[in-house]
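# Commentary on secondary and tertiary structure
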Amino acid sequence: MGADAYREVMAARAWTRVFRRAGRRTNLALLVLLTGAFGTGWLAFAAGTPVPARLATVSHGLFGLGLVVLVPWKRVVISRAPRLQVASLALLGMVALCLLAGFVEVFAGYGLWGGLSPIQVHVSAAVVLVPLLVLHVREHRRQRVRRRDASRRSLLRTAGFAVGIGAGWLALEGAGRAAGLASASRLATGSHRIPAAEMPATTWLFDRTPSLPADHRVRLEGRDVGWAELDRRGGPVVARLDCTSGWYAEATWTGVRLADLLDPAAATGAASVEVRSVTGYRRRFPVAELGQRWLATRCDGRLLASGAGAPVRLVAPHRRGFWWVKWVESVTWSDRPPSLQSPFPLQ
Ligand code: HEM
Ligand code: HEM
Ligand SMILES: Nc1nc2c(c(=O)[nH]1)N[C@H]1C(S)=C(S)[C@@H](COP(=O)(O)O)O[C@H]1N2
Ligand SMILES: [Mo]
(Lines give C-alpha, C1' and ligand atoms only; values in the text may rest on other atoms or scores of the structure.)
(Ligands and ions follow the chains in the order given, each with its own letter.)
Protein backbone atom coordinates (compact mmCIF):
# COMPACT_ATOMS: atom_id res chain seq x y z
CA MET A 1 0.00 0.00 0.00
CA GLY A 2 1.37 3.45 -0.92
CA ALA A 3 1.85 6.08 1.77
CA ASP A 4 -1.06 8.16 0.48
CA ALA A 5 -3.49 5.26 0.43
CA TYR A 6 -2.36 4.23 3.90
CA ARG A 7 -2.96 7.73 5.22
CA GLU A 8 -6.40 7.74 3.65
CA VAL A 9 -7.38 4.46 5.28
CA MET A 10 -6.17 5.67 8.67
CA ALA A 11 -8.09 8.93 8.30
CA ALA A 12 -11.24 7.03 7.40
CA ARG A 13 -10.77 4.80 10.46
CA ALA A 14 -10.31 7.78 12.75
CA TRP A 15 -13.51 9.22 11.37
CA THR A 16 -15.45 6.02 11.94
CA ARG A 17 -14.12 5.90 15.49
CA VAL A 18 -15.58 9.34 16.16
CA PHE A 19 -19.06 8.13 15.28
CA ARG A 20 -18.55 4.85 17.16
CA ARG A 21 -18.63 6.85 20.36
CA ALA A 22 -22.31 7.25 19.66
CA GLY A 23 -24.48 6.12 22.52
CA ARG A 24 -25.72 7.38 25.82
CA ARG A 25 -24.35 10.88 25.41
CA THR A 26 -25.79 11.21 21.92
CA ASN A 27 -29.21 10.34 23.31
CA LEU A 28 -28.88 12.75 26.21
CA ALA A 29 -27.84 15.50 23.82
CA LEU A 30 -30.88 14.76 21.64
CA LEU A 31 -33.13 15.06 24.68
CA VAL A 32 -31.62 18.39 25.68
CA LEU A 33 -31.82 19.75 22.12
CA LEU A 34 -35.42 18.65 21.55
CA THR A 35 -36.55 20.08 24.88
CA GLY A 36 -34.69 23.32 24.18
CA ALA A 37 -36.12 23.60 20.67
CA PHE A 38 -39.66 22.96 21.90
CA GLY A 39 -39.39 25.55 24.68
CA THR A 40 -37.74 28.28 22.62
CA GLY A 41 -40.27 27.72 19.82
CA TRP A 42 -43.07 28.82 22.17
CA LEU A 43 -40.94 31.71 23.42
CA ALA A 44 -40.57 32.82 19.79
CA PHE A 45 -44.37 32.69 19.45
CA ALA A 46 -44.85 34.79 22.58
CA ALA A 47 -42.28 37.48 21.68
CA GLY A 48 -43.55 40.59 19.93
CA THR A 49 -40.54 42.91 20.26
CA PRO A 50 -37.14 42.54 18.57
CA VAL A 51 -34.78 41.67 21.44
CA PRO A 52 -36.73 38.83 23.10
CA ALA A 53 -37.76 37.60 19.65
CA ARG A 54 -34.17 37.51 18.39
CA LEU A 55 -32.98 35.69 21.52
CA ALA A 56 -35.74 33.14 21.10
CA THR A 57 -35.37 32.52 17.36
CA VAL A 58 -31.57 32.40 17.37
CA SER A 59 -31.42 29.94 20.28
CA HIS A 60 -34.24 27.99 18.63
CA GLY A 61 -32.27 27.73 15.40
CA LEU A 62 -29.17 26.57 17.31
CA PHE A 63 -31.09 23.82 19.14
CA GLY A 64 -32.69 22.70 15.88
CA LEU A 65 -29.40 22.68 13.98
CA GLY A 66 -27.81 20.67 16.80
CA LEU A 67 -30.20 17.85 15.97
CA VAL A 68 -29.03 17.87 12.36
CA VAL A 69 -25.38 17.79 13.46
CA LEU A 70 -26.09 14.69 15.61
CA VAL A 71 -27.58 12.68 12.74
CA PRO A 72 -24.42 10.61 11.99
CA TRP A 73 -24.06 9.63 15.67
CA LYS A 74 -27.73 8.73 16.10
CA ARG A 75 -27.49 6.71 12.90
CA VAL A 76 -24.92 4.50 14.63
CA VAL A 77 -27.16 4.13 17.73
CA ILE A 78 -30.07 3.10 15.52
CA SER A 79 -28.01 0.70 13.41
CA ARG A 80 -26.82 -1.07 16.58
CA ALA A 81 -30.33 -1.53 18.01
CA PRO A 82 -31.49 -5.17 18.04
CA ARG A 83 -34.89 -4.16 16.66
CA LEU A 84 -36.70 -1.08 15.45
CA GLN A 85 -39.97 0.02 16.98
CA VAL A 86 -42.85 1.58 15.08
CA ALA A 87 -43.18 4.41 17.64
CA SER A 88 -39.47 5.22 17.34
CA LEU A 89 -39.71 5.31 13.55
CA ALA A 90 -42.77 7.56 13.83
CA LEU A 91 -40.70 9.81 16.11
CA LEU A 92 -37.96 9.85 13.49
CA GLY A 93 -40.52 10.79 10.85
CA MET A 94 -41.96 13.63 12.95
CA VAL A 95 -38.53 15.05 13.79
CA ALA A 96 -37.62 14.94 10.09
CA LEU A 97 -40.89 16.63 9.06
CA CYS A 98 -40.47 19.24 11.81
CA LEU A 99 -36.91 20.06 10.69
CA LEU A 100 -37.84 20.12 7.01
CA ALA A 101 -40.77 22.47 7.61
CA GLY A 102 -38.58 24.64 9.89
CA PHE A 103 -36.00 25.13 7.16
CA VAL A 104 -38.68 25.74 4.52
CA GLU A 105 -40.22 28.37 6.82
CA VAL A 106 -36.92 30.15 7.32
CA PHE A 107 -35.44 29.95 3.82
CA ALA A 108 -38.42 29.74 1.46
CA GLY A 109 -40.72 32.05 3.44
CA TYR A 110 -44.45 32.19 3.91
CA GLY A 111 -46.68 30.18 1.62
CA LEU A 112 -49.36 27.54 1.82
CA TRP A 113 -49.04 23.78 1.33
CA GLY A 114 -52.56 22.47 0.96
CA GLY A 115 -53.95 25.23 3.17
CA LEU A 116 -51.19 25.04 5.82
CA SER A 117 -48.21 27.35 6.20
CA PRO A 118 -44.76 25.76 6.77
CA ILE A 119 -44.85 26.99 10.35
CA GLN A 120 -48.20 25.32 10.99
CA VAL A 121 -46.78 22.02 9.68
CA HIS A 122 -43.65 22.66 11.78
CA VAL A 123 -45.50 23.25 15.04
CA SER A 124 -47.97 20.39 14.44
CA ALA A 125 -45.08 17.97 13.90
CA ALA A 126 -43.41 19.30 17.06
CA VAL A 127 -46.57 18.77 19.12
CA VAL A 128 -47.03 15.24 17.76
CA LEU A 129 -43.42 14.29 18.41
CA VAL A 130 -43.62 15.05 22.14
CA PRO A 131 -45.69 12.00 23.22
CA LEU A 132 -43.64 9.81 20.86
CA LEU A 133 -40.46 11.11 22.48
CA VAL A 134 -41.84 10.42 25.97
CA LEU A 135 -42.62 6.83 24.93
CA HIS A 136 -39.19 6.41 23.36
CA VAL A 137 -37.32 7.72 26.37
CA ARG A 138 -39.37 5.54 28.75
CA GLU A 139 -38.69 2.52 26.54
CA HIS A 140 -34.93 3.15 26.52
CA ARG A 141 -34.29 4.41 30.05
CA ARG A 142 -30.86 4.11 31.66
CA GLN A 143 -29.57 7.24 29.85
CA ARG A 144 -28.52 8.81 33.15
CA VAL A 145 -26.14 11.71 33.43
CA ARG A 146 -22.83 10.48 34.91
CA ARG A 147 -20.06 12.22 36.77
CA ARG A 148 -17.79 11.49 33.80
CA ASP A 149 -19.99 13.77 31.65
CA ALA A 150 -18.55 16.74 33.52
CA SER A 151 -14.95 15.70 32.90
CA ARG A 152 -12.66 18.14 31.13
CA ARG A 153 -12.61 15.95 28.08
CA SER A 154 -16.40 15.67 27.84
CA LEU A 155 -16.86 19.37 28.36
CA LEU A 156 -14.31 20.14 25.65
CA ARG A 157 -16.09 17.82 23.27
CA THR A 158 -19.43 19.45 24.10
CA ALA A 159 -17.87 22.88 23.53
CA GLY A 160 -16.54 21.67 20.16
CA PHE A 161 -20.04 20.50 19.28
CA ALA A 162 -21.51 23.89 20.27
CA VAL A 163 -18.93 25.73 18.16
CA GLY A 164 -19.80 23.47 15.23
CA ILE A 165 -23.49 24.33 15.59
CA GLY A 166 -22.71 28.05 15.79
CA ALA A 167 -20.56 27.87 12.67
CA GLY A 168 -23.32 25.95 10.88
CA TRP A 169 -25.88 28.57 11.89
CA LEU A 170 -23.67 31.43 10.64
CA ALA A 171 -23.03 29.58 7.39
CA LEU A 172 -26.76 29.08 6.79
CA GLU A 173 -27.60 32.70 7.60
CA GLY A 174 -24.74 33.87 5.36
CA ALA A 175 -25.77 31.61 2.49
CA GLY A 176 -29.37 32.85 2.81
CA ARG A 177 -28.16 36.43 2.55
CA ALA A 178 -25.76 35.77 -0.33
CA ALA A 179 -28.50 33.99 -2.27
CA GLY A 180 -31.12 36.60 -1.38
CA LEU A 181 -33.46 34.00 0.14
CA ALA A 182 -36.51 34.87 2.25
CA SER A 183 -34.46 34.28 5.41
CA ALA A 184 -32.48 37.46 4.73
CA SER A 185 -35.49 39.75 5.10
CA ARG A 186 -37.42 38.05 7.90
CA LEU A 187 -38.28 39.84 11.15
CA ALA A 188 -36.62 38.95 14.46
CA THR A 189 -39.72 36.82 15.14
CA GLY A 190 -39.03 34.92 11.91
CA SER A 191 -42.11 36.32 10.09
CA HIS A 192 -42.04 37.20 6.39
CA ARG A 193 -43.62 40.29 4.89
CA ILE A 194 -46.80 40.12 2.83
CA PRO A 195 -48.88 43.00 1.42
CA ALA A 196 -51.63 44.16 3.80
CA ALA A 197 -54.26 43.48 1.15
CA GLU A 198 -53.21 39.81 1.17
CA MET A 199 -53.49 39.18 4.92
CA PRO A 200 -55.22 35.82 5.20
CA ALA A 201 -58.19 35.63 7.58
CA THR A 202 -56.52 33.84 10.46
CA THR A 203 -58.03 31.92 13.33
CA TRP A 204 -55.83 31.03 16.24
CA LEU A 205 -57.20 27.51 16.78
CA PHE A 206 -60.91 26.77 16.51
CA ASP A 207 -62.68 30.14 16.33
CA ARG A 208 -65.35 30.84 13.72
CA THR A 209 -66.17 33.99 11.75
CA PRO A 210 -69.47 35.38 13.09
CA SER A 211 -71.70 37.63 11.07
CA LEU A 212 -72.37 40.97 12.72
CA PRO A 213 -74.59 43.88 11.69
CA ALA A 214 -72.89 47.01 10.34
CA ASP A 215 -74.35 49.02 13.24
CA HIS A 216 -72.79 46.66 15.79
CA ARG A 217 -72.27 48.22 19.23
CA VAL A 218 -69.30 47.57 21.50
CA ARG A 219 -70.00 47.38 25.22
CA LEU A 220 -67.62 49.53 27.23
CA GLU A 221 -67.39 49.79 30.99
CA GLY A 222 -70.73 51.42 31.89
CA ARG A 223 -71.90 52.31 28.34
CA ASP A 224 -72.09 51.30 24.68
CA VAL A 225 -70.43 52.79 21.64
CA GLY A 226 -71.78 52.29 18.11
CA TRP A 227 -69.76 51.53 14.99
CA ALA A 228 -70.52 54.93 13.40
CA GLU A 229 -69.13 56.83 16.38
CA LEU A 230 -65.98 54.69 16.45
CA ASP A 231 -65.45 55.17 12.73
CA ARG A 232 -66.03 58.94 12.97
CA ARG A 233 -63.64 59.36 15.90
CA GLY A 234 -60.99 57.04 14.45
CA GLY A 235 -57.55 58.37 13.52
CA PRO A 236 -54.72 56.74 11.54
CA VAL A 237 -52.61 54.12 13.32
CA VAL A 238 -49.63 52.66 11.49
CA ALA A 239 -49.02 49.19 12.89
CA ARG A 240 -47.60 45.82 11.99
CA LEU A 241 -49.71 42.69 12.41
CA ASP A 242 -47.21 39.88 13.06
CA CYS A 243 -49.01 36.55 13.01
CA THR A 244 -47.42 33.39 14.39
CA SER A 245 -48.18 31.50 11.19
CA GLY A 246 -45.17 33.03 9.46
CA TRP A 247 -46.33 36.33 7.96
CA TYR A 248 -46.53 39.99 8.92
CA ALA A 249 -48.06 43.03 7.24
CA GLU A 250 -47.82 46.77 7.75
CA ALA A 251 -50.99 48.79 7.39
CA THR A 252 -52.62 52.06 8.41
CA TRP A 253 -55.62 51.26 10.54
CA THR A 254 -58.41 53.66 11.47
CA GLY A 255 -58.93 53.40 15.19
CA VAL A 256 -59.87 54.99 18.50
CA ARG A 257 -57.45 54.67 21.40
CA LEU A 258 -58.85 52.60 24.29
CA ALA A 259 -57.58 55.32 26.64
CA ASP A 260 -60.03 57.70 24.92
CA LEU A 261 -62.92 55.28 25.44
CA LEU A 262 -62.16 54.09 28.97
CA ASP A 263 -60.71 56.40 31.57
CA PRO A 264 -57.57 54.75 32.97
CA ALA A 265 -58.08 56.86 36.12
CA ALA A 266 -61.40 55.05 36.66
CA ALA A 267 -59.63 51.71 36.70
CA THR A 268 -59.40 51.72 40.49
CA GLY A 269 -58.93 48.18 41.62
CA ALA A 270 -58.83 46.77 38.09
CA ALA A 271 -55.86 44.49 37.46
CA SER A 272 -56.32 44.46 33.68
CA VAL A 273 -58.56 45.39 30.79
CA GLU A 274 -60.30 42.54 29.03
CA VAL A 275 -61.07 42.71 25.31
CA ARG A 276 -63.65 40.14 24.39
CA SER A 277 -64.92 38.91 21.03
CA VAL A 278 -68.54 37.97 20.33
CA THR A 279 -67.14 34.46 19.79
CA GLY A 280 -65.89 34.28 23.38
CA TYR A 281 -62.22 34.69 22.34
CA ARG A 282 -60.60 37.15 24.75
CA ARG A 283 -57.28 38.58 25.94
CA ARG A 284 -56.46 40.64 29.03
CA PHE A 285 -54.00 43.56 28.82
CA PRO A 286 -52.23 45.64 31.48
CA VAL A 287 -54.12 48.89 32.14
CA ALA A 288 -50.89 50.75 31.30
CA GLU A 289 -51.29 49.65 27.66
CA LEU A 290 -54.63 51.46 27.12
CA GLY A 291 -52.78 54.28 25.37
CA GLN A 292 -51.41 51.91 22.73
CA ARG A 293 -54.45 49.78 22.00
CA TRP A 294 -57.04 50.84 19.43
CA LEU A 295 -60.53 49.75 18.37
CA ALA A 296 -60.28 49.79 14.58
CA THR A 297 -62.99 49.99 11.96
CA ARG A 298 -60.82 50.15 8.82
CA CYS A 299 -57.57 48.88 7.36
CA ASP A 300 -55.78 51.06 4.78
CA GLY A 301 -59.01 53.06 4.47
CA ARG A 302 -61.20 50.09 3.57
CA LEU A 303 -63.90 48.60 5.83
CA LEU A 304 -62.73 45.46 7.59
CA ALA A 305 -63.49 42.19 5.79
CA SER A 306 -65.74 39.84 7.75
CA GLY A 307 -62.88 37.37 8.34
CA ALA A 308 -60.67 40.25 9.48
CA GLY A 309 -62.87 41.20 12.43
CA ALA A 310 -65.66 43.28 10.89
CA PRO A 311 -66.97 45.58 11.98
CA VAL A 312 -64.59 46.28 14.92
CA ARG A 313 -61.27 44.71 15.89
CA LEU A 314 -58.42 45.47 18.24
CA VAL A 315 -55.09 46.85 16.98
CA ALA A 316 -52.29 45.94 19.41
CA PRO A 317 -48.86 47.07 18.12
CA HIS A 318 -45.82 45.17 19.43
CA ARG A 319 -47.95 42.24 20.39
CA ARG A 320 -48.31 39.15 18.20
CA GLY A 321 -51.38 38.67 16.03
CA PHE A 322 -53.28 36.52 18.51
CA TRP A 323 -53.70 39.60 20.76
CA TRP A 324 -55.51 41.51 17.98
CA VAL A 325 -59.00 40.38 19.05
CA LYS A 326 -61.46 40.40 16.14
CA TRP A 327 -65.24 41.01 16.24
CA VAL A 328 -64.96 42.93 19.51
CA GLU A 329 -68.00 42.63 21.76
CA SER A 330 -66.78 44.37 24.91
CA VAL A 331 -63.89 46.13 26.59
CA THR A 332 -64.14 45.98 30.37
CA TRP A 333 -62.06 46.14 33.54
CA SER A 334 -61.06 42.86 35.08
CA ASP A 335 -59.80 42.11 38.57
CA ARG A 336 -57.59 39.29 37.23
CA PRO A 337 -54.05 40.27 36.25
CA PRO A 338 -52.83 39.66 32.68
CA SER A 339 -50.27 37.16 34.00
CA LEU A 340 -53.11 34.90 35.14
CA GLN A 341 -54.24 33.93 31.64
CA SER A 342 -53.05 31.24 29.31
CA PRO A 343 -49.99 32.65 27.44
CA PHE A 344 -51.76 31.64 24.23
CA PRO A 345 -55.52 31.62 23.55
CA LEU A 346 -57.15 28.20 23.79
CA GLN A 347 -59.85 28.98 21.24
C1 HEM B 1 -34.51 12.83 17.63
C2 HEM B 1 -35.03 12.03 18.54
C3 HEM B 1 -34.85 10.54 18.52
C4 HEM B 1 -35.09 9.65 17.52
C5 HEM B 1 -35.69 9.97 16.14
C6 HEM B 1 -34.73 8.34 17.99
C7 HEM B 1 -34.85 7.18 17.25
C8 HEM B 1 -34.35 5.97 17.65
C9 HEM B 1 -34.48 4.72 16.92
C10 HEM B 1 -35.23 4.58 15.61
C11 HEM B 1 -33.82 3.77 17.61
C12 HEM B 1 -33.71 2.29 17.27
C13 HEM B 1 -34.47 1.48 18.31
C14 HEM B 1 -35.95 1.72 18.28
O15 HEM B 1 -36.55 1.60 17.22
O16 HEM B 1 -36.49 2.05 19.35
C17 HEM B 1 -33.27 4.39 18.79
C18 HEM B 1 -32.52 3.77 19.73
C19 HEM B 1 -32.26 4.28 20.98
N20 HEM B 1 -32.68 5.49 21.45
FE21 HEM B 1 -33.45 6.95 20.37
N22 HEM B 1 -34.26 8.46 19.26
C23 HEM B 1 -34.32 9.78 19.62
C24 HEM B 1 -33.98 10.31 20.85
C25 HEM B 1 -33.61 9.57 21.94
C26 HEM B 1 -33.51 10.06 23.28
C27 HEM B 1 -33.81 11.49 23.69
C28 HEM B 1 -33.14 9.01 24.07
C29 HEM B 1 -32.92 8.96 25.55
C30 HEM B 1 -32.55 9.95 26.29
C31 HEM B 1 -32.98 7.86 23.21
C32 HEM B 1 -32.56 6.61 23.62
C33 HEM B 1 -32.29 5.57 22.76
C34 HEM B 1 -31.57 4.37 23.14
C35 HEM B 1 -30.96 4.06 24.49
C36 HEM B 1 -31.52 3.58 22.00
C37 HEM B 1 -30.81 2.24 21.84
C38 HEM B 1 -31.74 1.10 22.02
C39 HEM B 1 -31.07 -0.23 21.79
O40 HEM B 1 -29.95 -0.28 21.26
O41 HEM B 1 -31.73 -1.22 22.11
N42 HEM B 1 -33.29 8.23 21.92
N43 HEM B 1 -33.61 5.73 18.79
C1 HEM C 1 -38.72 20.05 19.12
C2 HEM C 1 -39.32 20.58 18.11
C3 HEM C 1 -38.72 21.62 17.20
C4 HEM C 1 -37.59 21.57 16.44
C5 HEM C 1 -36.59 20.43 16.35
C6 HEM C 1 -37.50 22.82 15.70
C7 HEM C 1 -36.49 23.14 14.80
C8 HEM C 1 -36.46 24.27 14.01
C9 HEM C 1 -35.46 24.58 13.02
C10 HEM C 1 -34.28 23.68 12.66
C11 HEM C 1 -35.78 25.78 12.47
C12 HEM C 1 -34.98 26.52 11.41
C13 HEM C 1 -34.05 27.42 12.17
C14 HEM C 1 -33.07 28.21 11.34
O15 HEM C 1 -32.73 27.81 10.23
O16 HEM C 1 -32.62 29.27 11.85
C17 HEM C 1 -36.97 26.26 13.13
C18 HEM C 1 -37.59 27.47 12.88
C19 HEM C 1 -38.66 27.95 13.60
N20 HEM C 1 -39.42 27.26 14.54
FE21 HEM C 1 -38.99 25.44 15.29
N22 HEM C 1 -38.58 23.59 16.05
C23 HEM C 1 -39.34 22.91 16.96
C24 HEM C 1 -40.50 23.33 17.56
C25 HEM C 1 -41.07 24.57 17.39
C26 HEM C 1 -42.23 25.06 18.10
C27 HEM C 1 -43.01 24.26 19.13
C28 HEM C 1 -42.45 26.34 17.65
C29 HEM C 1 -43.50 27.34 18.03
C30 HEM C 1 -44.42 27.16 18.94
C31 HEM C 1 -41.43 26.64 16.65
C32 HEM C 1 -41.32 27.84 15.98
C33 HEM C 1 -40.36 28.12 15.04
C34 HEM C 1 -40.23 29.41 14.40
C35 HEM C 1 -41.07 30.66 14.68
C36 HEM C 1 -39.17 29.30 13.49
C37 HEM C 1 -38.63 30.41 12.59
C38 HEM C 1 -37.47 31.01 13.34
C39 HEM C 1 -36.62 31.90 12.49
O40 HEM C 1 -37.10 32.44 11.49
O41 HEM C 1 -35.44 32.08 12.83
N42 HEM C 1 -40.63 25.54 16.52
N43 HEM C 1 -37.37 25.32 14.06
N1 LIG D 1 -61.87 36.47 17.89
C2 LIG D 1 -60.69 36.16 17.34
N3 LIG D 1 -59.77 37.12 17.14
C4 LIG D 1 -58.57 36.82 16.58
C5 LIG D 1 -58.27 35.49 16.18
C6 LIG D 1 -59.26 34.49 16.41
O7 LIG D 1 -59.07 33.30 16.10
N8 LIG D 1 -60.45 34.86 16.98
N9 LIG D 1 -57.05 35.21 15.60
C10 LIG D 1 -55.96 36.12 15.93
C11 LIG D 1 -54.77 35.87 15.11
S12 LIG D 1 -53.86 34.46 15.47
C13 LIG D 1 -54.30 36.77 14.19
S14 LIG D 1 -52.83 36.58 13.43
C15 LIG D 1 -55.13 37.91 13.78
C16 LIG D 1 -55.36 37.75 12.30
O17 LIG D 1 -56.05 38.82 11.77
P18 LIG D 1 -56.58 38.74 10.24
O19 LIG D 1 -57.53 37.55 10.18
O20 LIG D 1 -57.21 40.03 9.98
O21 LIG D 1 -55.39 38.47 9.37
O22 LIG D 1 -56.36 37.95 14.47
C23 LIG D 1 -56.36 37.57 15.82
N24 LIG D 1 -57.67 37.80 16.39
MO1 LIG E 1 -51.89 34.54 14.21
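In this report, we go over the structure that sits alongside the text. (Residues numbered from 1 in each chain as written. Chains lettered and ligands numbered in written order. Predicted model: local features only at pLDDT ≥ 70, side-chain atom pairs only at ≥ 80, totals over all residues. Heavy atoms only, no water.)

What follows concerns the coordination of the iron atom of ligand 1. Coordination of the iron atom of ligand 1 by the protein comes from K74 (NZ) and H136 (NE2), over a distance range of 2.0 to 2.1 Å. Relative to the metal, the six donor atoms surrounding the iron atom of ligand 1 lie at angles of 87 to 180°, and the coordination shape comes out octahedral. On the criterion of sequence distance, the pair formed by K74 in helix α4 (residues 71-80) and H136 in helix α6 (residues 118-139) is long-range, its members being 62 residues apart. Of the two residues, K74 and H136, neither departs from the other in class, the shared state being buried. (Donors = N, O, S within 2.8 Å, 3.2 Å for Na, K, Ca; no water. Tetrahedral: all angles 85-135°; square planar, octahedral: opposite > 155°, others 65-115°. Helix = DSSP H or I, 4+ residues; strand = E, 2+ residues; numbered from the N terminus. Buried < 20%, exposed > 50% of the residue type's maximum accessible area, 1.4 Å probe, protein only.)

Below, the discussion takes up the coordination of the iron atom of ligand 2. A metal bound by six donors in octahedral fashion has ideal angles of 90 or 180 degrees, whereas one bound by four tetrahedral donors has an ideal angle of 109.5 degrees. In this structure, H60 (NE2) and H122 (NE2) serve as the protein donors to the iron atom of ligand 2, at separations of 1.9 Å. Coordination at the iron atom of ligand 2 is octahedral, judged from the six donor atoms that bind it and the angles of 88 to 180° they form at the metal. In this pair, H60 is assigned in helix α3 (residues 50-69) and H122 in helix α6, connecting sequence segments 62 residues apart.

Around ligand 2, a shell composed of 24 residues is seen, among which G41, H60, H122, R186 and G190 lie nearest. Measuring from a nitrogen atom of ligand 2, one finds a side-chain N or O atom of H122 at 2.8 Å. In this structure, an oxygen atom belonging to ligand 2 sits 2.6 Å away from a side-chain N or O atom of R186. Elements supplying a minimum of two residues to the shell around ligand 2: α2 (24-46), α3, α5 (86-108) and α6. Its residues assigned to classes, the shell around ligand 2 comprises 15 nonpolar, eight polar and one charged. (Near = heavy atom within 4 Å. Polar contact = N/O pair within 3.5 Å; in protein donor to acceptor, adjacent residues only side chain to side chain. Nonpolar A, V, L, I, M, F, W, Y, C, P; charged D, E, K, R; others polar.)

What follows is about the packing of aromatic side chains. The tally for this structure, following the rule as stated, stands at ten aromatic pairs. Plain terms: the ring middles of F38 and W42 are 6.3 Å apart, the flat faces sit at 70° to each other, and that makes the pair edge-to-face. With F38 and W42 both in helix α2, this residue pair falls four residues apart, about one helical turn. Look at W42 and you get partly exposed, because its relative accessible area is 28%. Each member of the aromatic cluster is reached from another via a ring pair, and the members are F38, W42, F45, W204, F285, F322, W323 and F344. Above the plane of the ring of Y248 lies R240, whose end atom (NZ or CZ) is 5.2 Å from the centre. Seen from the ring of W323, R319 lies directly overhead, with NZ or CZ sitting 4.1 Å from the centre. (Phe/Tyr/Trp six-rings, centres within 6.5 Å; stacked < 30°, edge-to-face > 60°. Lys NZ or Arg CZ within 6 Å of the ring centre and 35° of its normal.)

The environment of ligand 3 is formed by 21 residues, the closest being T202, W204, D207, R313 and K326. In the model, an oxygen atom of ligand 3 is placed 2.8 Å from a nitrogen or oxygen of the W204 main chain. Within the side chain of R313, an N or O atom sits 2.7 Å from an oxygen atom of ligand 3. Within the complex, 99% of the 530 Å² of free accessible area of ligand 3 lies under protein. (Areas by Shrake-Rupley, 256 points an atom, 1.4 Å probe, with all protein chains shown as cover.)

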